[in-house]
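# Observations on the model geometry
Chain by chain, the residues run as shown.
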Amino acid sequence: SFVYAHIIWLVERRDNLAIDVAYGPGVFDGMYLGLSVAATVTFGDKRPVTYLGIVITYVWMFTGTFLMAMFVASITSTILASKLGVSSTTIEINKPSDLAKYTIG
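Values in this document were obtained by computation on a predicted structure and should not be read as measured data.

### Topic: the nonpolar core
- Counting residues in hydrophobic clusters, the biggest one holds 8 residues: Y4, I8, L33, V37, A38, I56, W60 and M61.
- Among the secondary structure elements, those contributing two or more residues to this core are α1 (2-12), α2 (23-40) and α3 (51-84).
- Among residues more than four places away in sequence, those in contact with I8 are R13, G30, L33, G53 and T57.

### Overview of the side chain of D29
- By the element assignment, D29 lies in helix α2.
- You can call D29 buried: its relative accessible area is 11%.
- Those residues in contact with D29, other than ones at most four positions away along the chain, are A18, I19, D20 and K46.

### Some thoughts on the side chain of N16
- Residue placement: N16 occurs in the loop between α1 and α2.
- Taking relative accessible area as the criterion, N16 reaches 6% and is therefore assigned buried.
- Here the side chain of N16 touches A18 through a polar contact of 2.9 Å, landing on its backbone nitrogen.

### Topic: the environment of L67
- Within the element layout of this structure, L67 appears in helix α3.
- The class of L67 is partly exposed, set by a relative accessible area of 47%.
- Separated by 29 residues in the primary sequence, L67 and A38 have C-alpha atoms spaced 9.0 Å apart.

### Details of the packing of α1 against α2
- Between α1 and α2, the least distance of the axes is 8 Å, while the angle of their chain directions is 120°. Viewed along their axes, α1 and α2 adopt a mutual orientation that is oblique. Handedness of the crossing formed by α1 with α2: right-handed. Of the residues in α2, those in contact with F2, Y4, A5, H6, I8 and W9 of α1 are Y23, G26, V27, G30, M31, L33 and G34.
- Classifying every residue of the contact of α1 with α2 by side-chain character gives 9 nonpolar, 4 polar and no charged.

### Concerning the packing of aromatic side chains
- Counted according to the given criterion, the structure contains 2 aromatic pairs.
- Summarising the aromatic geometry, the rings of Y4 and W60 are spaced 5.6 Å apart at their centres and angled 15° between planes, so their arrangement reads as stacked. Note that Y4 is positioned in helix α1 and W60 in helix α3, a separation of 56 residues in sequence. Neither Y4 nor W60 differs from the other in exposure class; each is buried.
- Taking 5.3 Å as the distance between ring centres and 85° as the angle between the ring planes, the aromatic pair formed by W9 and Y23 counts as edge-to-face. With a gap of 14 residues between them, W9 in helix α1 and Y23 in helix α2 connect regions that are remote in the sequence.
- On the basis of relative accessible area, Y23 is assigned to the partly exposed category, the value being 47%.
- Over the face of the ring belonging to W9 we find R13, whose NZ or CZ atom lies 4.5 Å from the ring centre.

Reading the values: the criteria
Residues numbered from 1 in each chain as written. Predicted model: local features only at pLDDT ≥ 70, side-chain atom pairs only at ≥ 80, totals over all residues. Heavy atoms only, no water. Core = buried A, V, L, I, M, F, W, Y, C linked by side-chain atoms within 4.5 Å. Buried < 20%, exposed > 50% of the residue type's maximum accessible area, 1.4 Å probe, protein only. Helix = DSSP H or I, 4+ residues; strand = E, 2+ residues; numbered from the N terminus. Contact = heavy atoms within 4.5 Å. Polar contact = N/O pair within 3.5 Å; in protein donor to acceptor, adjacent residues only side chain to side chain. Axes fitted to C-alpha atoms, helices over the stretch in contact; angles between N-to-C directions. Parallel < 35°, antiparallel > 145°, perpendicular 65-115°, else oblique. Left-handed = near helix turned anticlockwise from the far one by under 90°. Nonpolar A, V, L, I, M, F, W, Y, C, P; charged D, E, K, R; others polar. Phe/Tyr/Trp six-rings, centres within 6.5 Å; stacked < 30°, edge-to-face > 60°. Lys NZ or Arg CZ within 6 Å of the ring centre and 35° of its normal.

Below is the structure:
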């Protein structure tokens, strides 16, 4: 999100009234936009107005969604492995029928 904040500030600072022209406040505005887009997959009170800013924001939106899904999957597999009493690297589930090998509770 820190890299996105700098990129969006560079792209939007001249055309977007919601992004401050000054470096510090402008990057903070970009960080706010980046975190709100990555976390909620929507625009809040700040949004890009240039075509390049919009494209960059949509790429960031999909990247944030992917990273959030990977984070949740990692936590889920760690919890599942601890409940099964095995290492998360030894669990091999490739298709729905593989789930029958594992029971919890």
